[in-house]
Amino acid sequence: MTETRFSFDPSDPALLADPYKVFARLRAEDPVHWTDHGFWVATRHEDVRAVIMDRERFGQGDFVRNIQLFYGPDFDVLAHPSYRWLSEIFVFQDPPRHTRLRGLVTQALTARRVAAMRPRVQEICDGLIDELAPRGHMDAIHDFAYRLPTRVMCDMLGISDAEAPPAVLEQLNQAIAEAFLVFGMEALPPEILARADRQMLFMEDFFGQIFANRRANPQDDLATDLVNARDGNSALTNREVVTVAIGLFGAGFETTAHMIGNGLLSFGRNPAEWARLVAEPELARNASDEVLRFESSLIATYRTALTDADIAGTPIKAGQRVLCLLGAGNRDPQAFSEPNRFDIGRTDATRHLSFGGGIHFCVGAQLARLEGEIAFETLARRLPGLVANPATPAWREGLLFRGMSALPASW
Ligand code: HEM
């Protein structure tokens, strides 16, 4: 294994405050890096892309063993509802199980359904701004960034206001944020893991009731489509439907909310780009990709070597885990000119890695882009004086999902 001068530490506070400094150092000094935590880290755009595209040599591998890497061999991974759920969602499955589950979801999450959501996403966005505009200030995370995708995901699944009134939505947001900590790169303290487990049980119960309802009273919505989705004779089981729904809801809410929050911070730190968006709102679509490149809400994903392999010549043994730092690839000077410049007119912004690639490419990418475009365009048009630029952003714990716990903004 490579001799390294420093080891990547996912819980280092300096890394959380500014991951891009550490990423630049890794890319330059040790682009395929073996950590003291027992996994590899890939940082160059070309290498990260090669790993996530290579379904023959890199996949999800043995879930239990991968989690035991953090906790030790005696840890009973699947006794924890949060890890059991994680082990069953299709992003952590290899073919053929992945192919079947993904296929059933994409049957229901069609491009037509996403395109048809445009007027509704606009309406939700306008409704939030109608309420906020007279105030002159907001917490951009709680008052706007969380509320838009949560409502959109409920709409998409067909969950009505009566089924999820504002207090329940708050609870769901909280549940996702706490349960999703199991996606992390290290062992969770026992009390945090216990909370993640409780929140997972709460969500299983909530979505279980929604689907029981749709089986009894089918409607024209994604929840009913998921209940009815078929692959030959095989439909999703009750548990699969609930597991997929929590995955869709969580993936669709958490990442999108922080794309909006991280975008507003990037604009706050680069006021000339905000002025450009106000003057040229048609740049909003490209701006949402540039936000995902520049300050992605999902910094990394894992793969496990399915066989002895290599990354750019560095040998990787079968069974070893590789952390693919999408966020590091997104700032690679070999892939993007002036990668540390936030430039909403960049013509190659869509080459970012933030939606992954290969067989696991994000199924919600079109919806996320639609929400980003509408959110940034509408905010620039209706609140052109908006500024969000705290001296010290409140970055949340954990590197994988990058977002802030609050973001004061005013106009
Ligand atoms: C800005 C927002 C988003 C970002 C940055 C994002 C990012 C990603 C990434 C990087 C992956 C691939 C993970 C891997 O290869 O290991 C992924 C997969 C996935 N995403 Fe997204 N996502 C976003 C929004 C959404 C939305 C809105 C939905 C649902 C409507 C969604 C649902 C999924 C699902 C189900 C997968 C698993 C696909 C598979 O394994 O085949 N995502 N996402």
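Below you will find a few notes about this structure.

Cut-offs used in this document
- Residues numbered from 1 in each chain as written.
- Predicted model: local features only at pLDDT ≥ 70, side-chain atom pairs only at ≥ 80, totals over all residues.
- Helix = DSSP H or I, 4+ residues; strand = E, 2+ residues; numbered from the N terminus.
- Rg over C-alpha atoms; globule rule 2.2 N^0.38 Å.
- Buried ≥ 20, exposed ≤ 12 C-beta atoms within 10 Å, placed from the backbone.
- Contact = placed C-beta atoms within 7 Å.
- Pairing = 2+ DSSP bridges.
- Axes fitted to C-alpha atoms, helices over the stretch in contact; angles between N-to-C directions.
- Parallel < 35°, antiparallel > 145°, perpendicular 65-115°, else oblique.
- Nonpolar A, V, L, I, M, F, W, Y, C, P; charged D, E, K, R; others polar.
- Near = placed C-beta within 6 Å.
- Core = buried A, V, L, I, M, F, W, Y, C linked by C-beta atoms within 7 Å.

### Regarding the overall build of the protein chain
- When you go through the protein chain residue by residue, the secondary structure sums to 18 helices and 11 strands.
- Over its C-alpha atoms the protein chain spans a radius of gyration of 21 Å, differing by no more than 12% from the 22 Å that the globule rule assigns to 411 residues.
- If one aligns the C-alpha atoms of the protein chain with their principal axes, the spans along those axes are about 60 × 55 × 40 Å.
- Out of the 411 residues belonging to the protein chain, those deemed buried represent 45%.
- Restricting the contact set of the protein chain to residue pairs at least 6 apart, pairs at least 24 apart contribute 74%.

### Remarks on the pairing of strand β7 (residues 300–305)
- Most of β7 is tucked away, with six of its six residues classed as buried.
- Side-chain alternation along β7 places Ala-300, Tyr-302 and Thr-304 on one buried face and Thr-301, Arg-303 and Ala-305 on a second face that is also buried.
- Judged from the two bridges that link them, strand β3 (residues 58–59) and β7 form a sheet pairing that is antiparallel. Its bridge partner lying in β7, Phe-58 is registered against Ala-305.
- Relative to strand β10 (residues 321–325), β7 runs antiparallel, the two being bridged by five bridges. Opposite Tyr-302, over in β10, you have Leu-323 as the bridge partner.

### Remarks on the packing of helix α14 (residues 238–269) against helix α16 (residues 284–294)
- Remark: α14 packs on α16, axes separated minimally by 9 Å, with the N-to-C direction vectors making an angle of 90°. On the basis of their axis angle, the class for α14 and α16 is roughly perpendicular. Of the residues in α16, those in contact with Met-259, Asn-262, Gly-263 and Ser-266 of α14 are Ser-288, Val-291, Leu-292 and Phe-294.
- For the contact of α14 with α16, the per-class residue count stands at four nonpolar, four polar and no charged.

### Quick look at the site of the ligand
- If you check the shell around the ligand, you find 24 residues, and the closest are Gly-252, Gly-356, His-360, Cys-362 and Gly-364.
- Counting residues per element, the ones that place at least two in the shell around the ligand are α14 and α18 (365–382).
- Here the element with the most residues in the shell around the ligand is α14; it accounts for seven residues.
- Across the shell around the ligand, the residue classes break down as 13 nonpolar, 10 polar and one charged.

### Description of the sheet that holds β10
- Strands sit in the order β1-β2-β10-β7-β3 across an open sheet of five strands; the sheet is mixed. Of all strands in the sheet, those with a lone pairing partner are β1 (32–34) and β3, marking the two edges.
- Along the sheet, helix α3 (residues 45–53) contacts β1, β2 (40–42), β3, β7 and β10; its crossing angle with β10, the most-contacted strand, is approximately 125°.

### Remarks on the nonpolar core
- Within the largest apolar cluster, 115 residues are counted, with the highest numbers of intra-cluster contacts made by Ala-42, Ala-245, Val-322, Leu-323, Cys-324 and Leu-325.
- Sorting elements by how many residues they give to this core places α14 first, with 15 residues.
- For Ala-42, the residues in contact, after removing those within four places along its chain, are Val-32, Asp-47, Val-48, Val-51, Ile-311, Val-322, Cys-324 and Leu-325.

### Let's talk about the packing of helix α11 (residues 166–179) against α14
- Taken N-terminus to C-terminus, the directions of α11 and α14 make an angle of 90°; their axes are 10 Å apart at the nearest point. Viewed along their axes, α11 and α14 adopt a mutual orientation that is roughly perpendicular. Contact with α11, carried on its side by Asn-173, Ile-176 and Ala-177, involves Phe-249, Gly-250, Phe-253 and Glu-254 of α14 and no other residues of that element.
- Here the contact of α11 with α14 is composed, by residue class, of four nonpolar, two polar and one charged.

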